[in-house]
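# Inside the fold
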Amino acid sequence: MNYTLPTSVNIDGVEHPIRSDYRVILDIISALNDDDFTEREKAVAMMRLFFVDAYAVTDWAKGLEAAAKFIACGRDEGSTKRPRVIDWDKDFPYMVSAINKVAGRDIRADEYCHWWTFIGYFDAIDGESTFANIVNIRHKKAKGKKLEKWEQEFYNANRDLCDIKSKQHGTSKESLAALCEALAAEE
C-alpha cells in the first residue's frame, strides 16, 4: 500500500520532482487529446508539464511511462478497451460541482490539490448531479442499453453535453507506445 502522495518519481534510481497539482494533470490530458498536436508534440508537452526539469530525465520513454502511471494513480489500467464516458475538458464545469460537493468546498480556490486527492474526490461522486446524469447516459448509450424516459428527455435536450467526439484518452498503453515511437523516430 502507498500511504503518501508522491511529488517525485524515481527513474533509474534518480528522484525527479514532478508537478502533481490536478490542474497540471488536466492540462496534460488536454494536450494529449488535442488533435492539432503531433505525437511528438504531445510527448514533449507531457514531459515539460509533468516534470519540474524534463531535461534532467535522460530516458524520456521511462519518463512518459512514469507520468502515465502517476496519472493513473499508480493503478494498472490494463489494455482492456472500455467505452469513453468522460471528456475531461468538456465535463470539467459539471464535474467540479460534483467534486466540490464531495470535498465540502470549492477545490478551485485551493492553491494546490494533489492529482490523487482530486481523483479520490472524483471517485466518490455519486447520487444526483448533472455530471452523474451525463456519464450514466453516455455509459448506457455506449453499452447499447435503453435510456429511461427521463434520461431520453435529458439527452434530447442536452445532446451537446452528452455526446463525446471520438478522440481517445492519451495515457493508454497504446497511446503511450505511440508517443515513445514518435520520440524515438526524432532521435
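Residues numbered from 1 in each chain as written. Predicted model: local features only at pLDDT ≥ 70, side-chain atom pairs only at ≥ 80, totals over all residues. Heavy atoms only, no water.

A word on the packing of aromatic side chains. Evaluated as defined, the whole model comprises 10 aromatic pairs. Relative to Phe51, the ring of Phe50 lies with its centre 4.9 Å away and its plane at 85°, an arrangement referred to as edge-to-face. The residues Phe50 and Phe51 share a single accessibility class, namely buried. Relative to Trp60, the ring of Tyr55 lies with its centre 5.6 Å away and its plane at 40°, an arrangement referred to as tilted. Accessibility expressed as a relative area gives 57% for Tyr55, which makes it exposed. Each member of the aromatic cluster is reached from another via a ring pair, and the members are Tyr22, Trp88, Trp115, Phe118, Phe122 and Phe131. The ring of Tyr155 has Lys141 sitting right over it, with the charged end atom 4.4 Å from the ring centre. (Phe/Tyr/Trp six-rings, centres within 6.5 Å; stacked < 30°, edge-to-face > 60°. Buried < 20%, exposed > 50% of the residue type's maximum accessible area, 1.4 Å probe, protein only. Lys NZ or Arg CZ within 6 Å of the ring centre and 35° of its normal.)

The next point concerns the environment of His114. One can find His114 in the loop between α4 (88-103) and α5 (115-123). Taking the relative accessible area as the measure of exposure, His114 reaches 3% and is therefore buried. Along the sequence, His114 and Ser20 sit 94 residues apart, while their C-alpha atoms lie 5.5 Å from each other. When residues no more than four places from it in sequence are discounted, the contact partners of His114 are Leu5, Pro6, Ser20, Tyr22 and Phe70. Separated by 2.7 Å, the side chain of His114 and the backbone oxygen of Pro6 make a polar contact. (Helix = DSSP H or I, 4+ residues; strand = E, 2+ residues; numbered from the N terminus. Contact = heavy atoms within 4.5 Å. Polar contact = N/O pair within 3.5 Å; in protein donor to acceptor, adjacent residues only side chain to side chain.)

Attention shifts here to the pattern of salt bridges. Per the stated rule, a full pass over the model turns up eight salt bridges. Ionic pairing is found between Asp12 and Lys62, a salt bridge with its closest N-O pair at 2.8 Å. Of this pair, Asp12 sits in the loop between β1 (8-11) and β2 (14-17) while Lys62 sits in helix α3 (residues 60-71), and the two are 50 residues apart along the sequence. In this structure, Asp21 engages Arg23 in a salt bridge whose closest nitrogen and oxygen atoms are separated by 2.7 Å. Given the relative accessible area of 9%, Asp21 is considered buried. (Salt bridge = Lys/Arg side-chain N within 4 Å of Asp/Glu carboxyl O.)

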